[in-house]
Amino acid sequence: MFDPSAIVAATTAFVEQHHYLAPAVVFGLAFGESLALISFFIPATVLLLAIGALIEAAGLHFFPIWLAAAAGAALGDAISYWLGFHYKDRAKTFWPLSRRPDLVARAEDFFQRFGVWGVAIGRFFGPLRAVVPLIAGVLAMRQTHFQVANVASAGLWAFAMLAPGAAALKLMGF
């Protein structure tokens with residue numbers, strides 16, 4: 001049975017015991033969270049928030065972990081864009097998207113409505129996070145516009161995932 005709290009506990013314990021691997025773990029989580037089709041199976045948001053708290057509690061350095069999260073998220077979106085650009089409408093038929101045509105339609109509407117801003121805004125909305133870059137590729141959004149929105153929003157998103165936990169523990173005096 002899938003137990004998210006056990007995954008969070010095991011992951012944070014691993015990062016606490018192996019500080020030097022924290023950036024690699026965070027990179028992998030952010031990458032998986034942003035990669036189309038894979039993100040549905042990774043509870044990365046909860047894990048990143050927990051690791052954010054661990055940054056302060058375990059005395060980890062924020063900058064390399066933030067940079068790893070931003071790089072992982074940007075790379076995941078870049079690959080998702082490439083998949084959409086390469087496979088076009090066939091990308092929407094890949095599992096699990098084939099079972100969620102409503103999500104694909106919402107992502108298309110969102111992207112059509114907001115364009116390049118949709119890439120940046122979409123990163124902050126759960127299921128849309130990994131589908132909007134795919135749709136941007138399917139609809140052949142200009143690569144430079146996509147990448148600017150992708151990289152900028154990845155940095156903000158990584159900060160939003162990691163900083164609250166680190167700041168909360170600092171404010172509470174831990």
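Quick note: structure is the one above.
Residues numbered from 1 in each chain as written. Predicted model: local features only at pLDDT ≥ 70, side-chain atom pairs only at ≥ 80, totals over all residues. Heavy atoms only, no water.

> When you look at helix H4 (residues 62-87) in this model, what are you seeing that I'm missing?
It helps to recall that an α-helix has 3.6 residues per turn; residues three or four apart then point in one direction. Its 26 residues give H4 an end-to-end C-alpha distance of 37 Å, which sits within 8% of 38 Å, the value for a rise of 1.5 Å per residue. Backbone geometry just after H4 places Lys-88 at a positive phi near 50°. (Helix = DSSP H or I, 4+ residues; strand = E, 2+ residues; numbered from the N terminus. Expected span 1.5 Å × (residues − 1).)

> Mind showing me how you'd approach unusual backbone geometry here?
Working note: non-glycine residues mostly have negative phi, and peptide bonds are mostly trans. You will see that Lys-88, though not glycine, has its phi angle at about 50°, which is positive. Turning to its location among the elements, Lys-88 is positioned in the loop between H4 and helix H5 (101-114). Classification of Lys-88 as partly exposed rests on a relative accessible area of 32%. One non-glycine residue, Ala-140, lies in positive phi territory at about 55°. Looking at where Ala-140 falls in the secondary structure, it is placed in the loop between helix H7 (128-138) and helix H8 (143-171). (Buried < 20%, exposed > 50% of the residue type's maximum accessible area, 1.4 Å probe, protein only.)

> Could you clarify how one ought to interpret the packing of aromatic side chains in this entry?
Given two aromatic rings, their pairing is described by the distance between the two centres and the angle made by the two planes. Evaluation of the coordinates by the stated rule reveals 6 aromatic pairs. Here Tyr-81 and Phe-85 contribute two aromatic rings whose centre-to-centre distance is 6.0 Å and whose plane-to-plane angle is 15°, an arrangement assigned as stacked. With Tyr-81 and Phe-85 both in helix H4, this residue pair falls 4 residues apart, about one helical turn. Classification of Phe-85 as partly exposed rests on a relative accessible area of 40%. (Phe/Tyr/Trp six-rings, centres within 6.5 Å; stacked < 30°, edge-to-face > 60°.)

> I would appreciate a short explanation of a nonpolar patch on the surface in the present structure.
Together, Phe-114, Val-116, Trp-117, Ile-121, Phe-124, Phe-125 and Leu-156 make up a nonpolar patch on the protein surface, roughly 680 Å² of accessible area in all. Counting residues per element, the nonpolar patch draws most heavily on helix H6 (residues 116-122), at 3 residues. Mapped onto the elements, Trp-117 comes out in helix H6. (Patch = residues over 30% accessible without salt bridge, like charges linked within 9 Å, V, L, I, M, F, W, Y side chains within 5 Å. Areas by Shrake-Rupley, 256 points an atom, 1.4 Å probe, with all protein chains shown as cover. Salt bridge = Lys/Arg side-chain N within 4 Å of Asp/Glu carboxyl O.)

> Which parts of the structure should I look at to understand the pattern of salt bridges?
Any two side chains of opposite charge can pair if their charged atoms end up close together. Enumeration according to the criterion identifies 1 salt bridge in this entry. Note that Asp-77 and Arg-123 form a salt bridge whose closest N and O atoms lie 2.7 Å from each other. One end of the pair, Asp-77, is in helix H4; the other, Arg-123, is in the loop between H6 and H7, with 46 residues separating them in the sequence. Grouping residues by exposure puts Asp-77 and Arg-123 together as buried.

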